[in-house]
Amino acid sequence: MEKQNGIPMQLKQVTDIRDGVRKETVVLEAKGIYYIKENAMYLHFEEQQEIGSIRTVVKITNDEVLVMRSGAVHMRHAFRKTEETTGHYRTSFGQWTMKTKTDQIEFHYDDKRKKGRLFVSYQLQMQNEQTGRHAMTIMFKGV
């Protein structure tokens with residue numbers, strides 16, 4: 001495993017949001033880097049949105065998935081299976097408190113094929129309002 005510079009990856013993030021009968025799917029494709037540092041795996045990528053550039057780092061350990069975003073969006077949130085966690089989501093439009101109750105976390109990486117998948121399923125509350133069940137899948141492979 002290349003630990004110092006990481007492995008360049010092509011990444012696809014699919015987030016399915018269900019709120020009652022309403023269903024929305026958000027898809028992001030980006031180039032990124034996968035690397036290992038100490039006892040954690042990291043995915044680092046950047047996305048362009050209408051509000052600006054957002055840099056995302058996803059830290060994956062045995063106990064949790066930590067999502068850190070900076071740039072046009074500032075967010076730091078830990079997902080821990082079967083636990084409720086609190087974080088903040090901030091843009092130029094304001095700041096919101098977010099709470100998640102994580103149902104499921106699955107992570108697989110095939111070192112030979114340089115291919116991986118992260119799946120996180122959770123219920124989200126923004127400013128104490130339920131926003132539905134979210135399922136985020138990040139699929140990535142070496143380029």
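For the structure, check the block above.
In what follows, the accompanying structure is described. Just so you know, these numbers come straight off a predicted model, no measurement behind them.

A few words now on the pattern of salt bridges. The tally for this structure, following the rule as stated, stands at 8 salt bridges. Residue glutamate 47 is joined to arginine 69 by a salt bridge in which the shortest nitrogen-to-oxygen separation is 2.9 Å. Linking glutamate 47 in strand S3 (residues 40-49) with arginine 69 in strand S5 (residues 65-71), this pair joins segments that are 22 residues apart in sequence. For arginine 133, the salt bridge identified is with aspartate 103, shortest N-O distance 2.1 Å. Note that arginine 133 is positioned in strand S10 (residues 129-142) and aspartate 103 in strand S8 (residues 94-110), a separation of 30 residues in sequence. Three or more residues are tied together by salt bridges with common partners; here these are Asp19, Arg22 and Glu24.

Sheet topology note: the strand S7 (residues 84-91)/S8 ladder contains 8 bridges and is antiparallel. Considered in S8, the bridge of tyrosine 89 is made with tryptophan 96. Here S7 hands over to S8 after 2 residues, the two strands then running antiparallel side by side. Pairing analysis gives 12 bridges linking S8 to strand S9 (residues 115-126), with the strands arranged antiparallel. When the sheet's bridge partners are listed, threonine 100 is paired in S9 with leucine 124. What sits between S8 and S9 in their antiparallel hairpin is a turn of 4 residues, with lysine 114 showing a positive phi close to 55°.

Rules used in this analysis
Residues numbered from 1 in each chain as written. Predicted model: local features only at pLDDT ≥ 70, side-chain atom pairs only at ≥ 80, totals over all residues. Heavy atoms only, no water. Salt bridge = Lys/Arg side-chain N within 4 Å of Asp/Glu carboxyl O. Helix = DSSP H or I, 4+ residues; strand = E, 2+ residues; numbered from the N terminus. Pairing = 2+ DSSP bridges.

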